[in-house]
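Examination of the molecular architecture
Chain residues, written in single-letter form:
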Number of protein chains: 2
Amino acid sequence: MEFPSKLIENAVGELAKLPGIGRKTALRLTLHLLKSETEATSALAEALAKMRFEITYCQTCHNISDTEECSICANKLRDHSLVCVVSDIRDVIAIENTGQYQGVYHVLGGVISPIEGIGPSDLHIDTLLTRIPESEIKEIILAISPTMEGDTTAFFLSRKLREFPDVHISTIARGIPMGGELEYADEITLGRSIVERTRQVK
Amino acid sequence: MEFPSKLIENAVGELAKLPGIGRKTALRLTLHLLKSETEATSALAEALAKMRFEITYCQTCHNISDTEECSICANKLRDHSLVCVVSDIRDVIAIENTGQYQGVYHVLGGVISPIEGIGPSDLHIDTLLTRIPESEIKEIILAISPTMEGDTTAFFLSRKLREFPDVHISTIARGIPMGGELEYADEITLGRSIVERTRQVK
Ligand SMILES: [Zn+2]
Ligand SMILES: [Zn+2]
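Residues numbered from 1 in each chain as written. Chains lettered and ligands numbered in written order. Predicted model: local features only at pLDDT ≥ 70, side-chain atom pairs only at ≥ 80, totals over all residues. Heavy atoms only, no water.

A separate point is the overall build of chain A. Along the backbone of chain A there are seven helices and seven strands. Order of helices (α) and strands (β) in chain A, N terminus to C terminus: α-α-α-β-β-β-α-β-α-β-α-β-α-β. Among the 202 residues that make up chain A, the fraction classed as buried is 50%. When contacts within chain A are restricted to residue pairs at least 6 apart in sequence, those whose partners lie at least 24 apart make up 55%. Within the structure as shown, chain A displays about 10,300 Å² of accessible surface, and the carbon and sulfur contribution to it stands at 52%. (Helix = DSSP H or I, 4+ residues; strand = E, 2+ residues; numbered from the N terminus. Buried < 20%, exposed > 50% of the residue type's maximum accessible area, 1.4 Å probe, protein only. Contact = heavy atoms within 4.5 Å. Areas by Shrake-Rupley, 256 points an atom, 1.4 Å probe, with all protein chains shown as cover.)

As C-alpha cells, this is what we get:
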C-alpha cells in the first residue's frame, strides 16, 4: 500500500505495529483522526505518552498504580492475609471485575519461559517470599493461566513456598479450560474458580 | 471495567474512541505499549500528532500531500486530461493500489448527505468546475461508491458537468456490488471497474 504523504505513512506504520492492527485498519484509524477535530488526536497522543512515561507500580504487589501503594493494597477492608498470585495486571483487572475476591494480589510480571529467556529471577518472586512473613499471610492462591509456562511457574512457586509450612497454598478451581488464557474467561467462570479454589497438597 | 490507574483509564478511554476498538481491545493495546520500550509509545504518539497537525492537501486535487502539489498531480507521465472524481482519499489509495489507472484525481471530501447536513457547497465541486477549462480535461470518471448518497452526488455532478459538452463523463464499471463501499472492493474488481468504465449518456 502506498500513501500520498509521509505523515500518513508514519502514522499508519506506527499504528500497524500494535498487536492485531493491520495496515488497512491502521489507515482507517488514521483517516478517522484526520476527519475528527485536532483535539481528538492530541488527547489520544498525550494520554498514551503520559501513560507510558508516568506509570508507576505498587511497591508491595507490583500492580499498576498512580501512587506508591495501589488502591487494593491500601484498602483496609480487604483481607491482607490472602494473596492471589497472578502473572499479569490484566489478570488483576479480570479478577477484580468478577467482584468475587476480597484478598490482595501479587503480580509476577510474567511466567517462566525458557524459550523467551524468562527465568524465575526475572519475575517478582523474591518480593513475594519476603512479603509472606512480613504481612502474616495465611493463604496464597496461585491464579496462573494453565498453559505450559503457567504450570511451570506454579510448580516452581509451590516448591519455593514449602519453606512456609503454615501458609496454605491453593490454585484456582477447574473451570478455566485447559490451555486457556485466564483473561479470556467469562466473569462467572473466573469468579467461581476463585471461590471454589482447590487447596494444594504440599 | 475498572482500572488501577487513571493513566491507564485515560489511555484506554482515548483508544476506545477509535472506530472498531472496544474497551477490551484498548486495554490490550495499552498493556502492550506498557510492556514495550518507552520509545514505541513516543514514536506512536508523535507520529499521530505530527500527522494530524502538519497534514496539508494538494491545491489542485485535494488529495493529502506533504507539498503544495501532490505527487500524482506533479507527475508529468500521468494523463492530466483524465480526472477520476472520488469522495475520499481512501479511494485514491485504493485505486492507486490497483496499478490500473494513469490519470489524475479530484477528491470531493465527502458525498452529499442531507441527513448529515452535507450539501454540494461543502464538497470540492467548485474547484473541479474551474479545473476543467484550465487543465484541458477531456474525460471525467465518476468513481463514487454506489450508495444512496454516492448516487445523489454523482447525479448532481453529471448535471453540473453538462456545461462542458466536450468533456466525456464516465462512471466506473459495474463490478462493485450495489450498496458496496468502494474501499472494500478487492483490487482486481476495482481495477477492472476502472478499465471497463461505462461512458455516461448526457
Ligand atoms: Zn498493591
Ligand atoms: Zn494533487
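Moving on, we get to the coordination of the zinc ion (ligand 2). All names here are of chain B. For the zinc ion (ligand 2), the protein coordination sphere consists of Cys-58 (SG), Cys-61 (SG), Cys-70 (SG) and Cys-73 (SG), at 2.3 to 2.4 Å. Coordination at the zinc ion (ligand 2) comes from four donor atoms whose angles at the metal span 103 to 116°, giving a geometry best classed as tetrahedral. In terms of primary sequence, the donors binding the zinc ion (ligand 2) are separated according to C-x2-C-x8-C-x2-C. A relative accessible area of 1% places Cys-70 in the buried class. (Donors = N, O, S within 2.8 Å, 3.2 Å for Na, K, Ca; no water. Tetrahedral: all angles 85-135°; square planar, octahedral: opposite > 155°, others 65-115°.)

This paragraph deals with the relation of the copies chain A and chain B. Placing chain A over chain B gives an RMSD of 0.1 Å and needs a rotation angle of 179°, together with 0.0 Å of translation along the axis. Considering both components of the superposition, the chain copies are consistent with a two-fold axis. When each C-alpha of chain A is compared by its distance to the rotation axis, A:Ala45 comes out closest, at 2.2 Å. Here 100% of the contact residues of chain A are again contact residues in chain B; the copies associate through an equivalent surface. (Least-squares fit on C-alpha atoms with pLDDT ≥ 70 in both.)

What follows concerns the coordination of the zinc ion (ligand 1). Residue and element names in this part refer to chain A. For the zinc ion (ligand 1), every protein donor is listed as Cys-58 (SG), Cys-61 (SG), Cys-70 (SG) and Cys-73 (SG), and the spread of their distances is 2.2 to 2.4 Å. Around the zinc ion (ligand 1) sit four donor atoms; with metal-centred angles ranging over 105 to 116°, the donor geometry is tetrahedral. Donor residues binding the zinc ion (ligand 1) come from one chain and are separated in sequence as C-x2-C-x8-C-x2-C. Note on accessibility: Cys-58 and Cys-61 belong to one class, buried.

A:Ile8, A:Ile95, A:Ile140, B:Ile8, B:Ile95 and B:Ile140 are the most contacted members of the largest nonpolar core, which has 124 residues in total. Residues contacting B:Ile140, with those up to four places away along its chain left out, are B:Val83, B:Val85, B:Leu128, B:Ile132, B:Leu161, B:Val167, B:His168, B:Ile169 and B:Ser170. (Core = buried A, V, L, I, M, F, W, Y, C linked by side-chain atoms within 4.5 Å.)

Moving on, we come to the pattern of salt bridges. Pairs can form between side chains of opposite charge once their charged atoms are near each other. Residue and element names in this part refer to chain B. A complete count under the given rule lists 12 salt bridges over all chains for this structure. One salt bridge in this structure joins Lys-50 and Glu-54, with 3.1 Å as the shortest N-O distance. With Lys-50 and Glu-54 both in helix α3 (residues 38-54) and four residues apart, this pair spans about one turn of that helix. Judged by its relative accessible area of 41%, Lys-50 falls in the partly exposed class. Using a relative accessible area of 42% as the deciding quantity, one classes Glu-54 as partly exposed. A salt bridge links Arg-90 to Asp-88; the nearest nitrogen and oxygen atoms lie 3.6 Å apart. When its relative accessible area of 16% is taken as the criterion, Arg-90 is described as buried. In this structure Asp-88 comes out as buried when scored by relative accessible area, which is 12%. (Salt bridge = Lys/Arg side-chain N within 4 Å of Asp/Glu carboxyl O.)

The next thing to look at is the pairing of strand β4 (residues 103-107) of chain B. Residue and element names in this part refer to chain B. Most of β4 sits out of view: five of its five residues are buried. Bridge count for strand β3 (residues 79-86) against β4 is five bridges, and the pairing is parallel. Directly across from Cys-84, in β4, lies its bridge partner Tyr-105. As a crossover connection, the stretch from β3 through helix α4 (residues 89-98) into β4 is right-handed. (Pairing = 2+ DSSP bridges. Right-handed = clockwise from strand over helix to strand, strands pointing away.)

Bringing the interface of chain A and chain B into the picture now. The interface of chain A with chain B comprises 56 residues on the first partner and 56 residues on the second. Interface area, chain A with chain B, both sides summed: about 5,200 Å², of which 71% is carbon and sulfur. Along the contact surface separating chain A from chain B lie two salt bridges. B:Asp88 is the partner of A:Lys35 in a salt bridge, and the nearest nitrogen-oxygen pair spans 3.2 Å. Scanning the region where chain A abuts chain B turns up 12 residue pairs in polar contact (both at pLDDT 80 or more). At 15 residues, helix α3 (residues 38-54) of chain A tops the list of elements feeding residues into the side of chain A that touches chain B. For the side of chain A that touches chain B, the residue count by class is 30 nonpolar, 11 polar and 15 charged. (Buried area = accessible area lost by both parts, 1.4 Å probe. Polar contact = N/O pair within 3.5 Å; in protein donor to acceptor, adjacent residues only side chain to side chain. Nonpolar A, V, L, I, M, F, W, Y, C, P; charged D, E, K, R; others polar.)

Here, UniProt's "zinc finger region: C4-type" (unreviewed entry) annotation points to residues 58-73 of chain A. Between the C-alpha atoms that bound residues 58-73 of chain A the distance is 8 Å, and the span itself is 0% helix and 12% strand. (UniProt positions renumbered as here; feature names shortened; annotations may be inferred.)

Their axes nearest at 11 Å, the elements helix α4 (residues 89-98) of chain A and helix α2 (residues 23-35) of chain B cross at an angle of 150°. Considering the angle they form, α4(A) stands roughly antiparallel to α2(B). Residues A:Ile89, A:Arg90 and A:Ile93 of α4(A) form the contact with α2(B), whose own contacting residues are B:Leu27, B:Arg28, B:Leu31 and B:Lys35. Taken together, the residues of the contact of α4(A) with α2(B) break down into four nonpolar, no polar and three charged. (Axes fitted to C-alpha atoms, helices over the stretch in contact; angles between N-to-C directions. Parallel < 35°, antiparallel > 145°, perpendicular 65-115°, else oblique.)

A few words now on the pairing of strand β5 (residues 139-142) of chain B. Where a strand is regular, its side chains alternate between the two sheet faces. Residues and elements named next belong to chain B. Alternating positions in β5 separate into two faces, Glu-139 and Ile-141 on one and Ile-140 and Leu-142 on the other, with burial throughout. Bridging between β3 and β5 involves four bridges; their strand directions are parallel. Residue Val-85 lies in a different strand from β5, and its bridge partner there is Leu-142. By the bridge criterion, four bridges tie β5 to strand β6 (residues 168-171) in an arrangement that is parallel. The partner of Leu-142 across the bridge, within β6, is Thr-171. Of the crossover connections in this fold, the one passing from β5 over helix α6 (residues 148-160) to the parallel β6 is right-handed.

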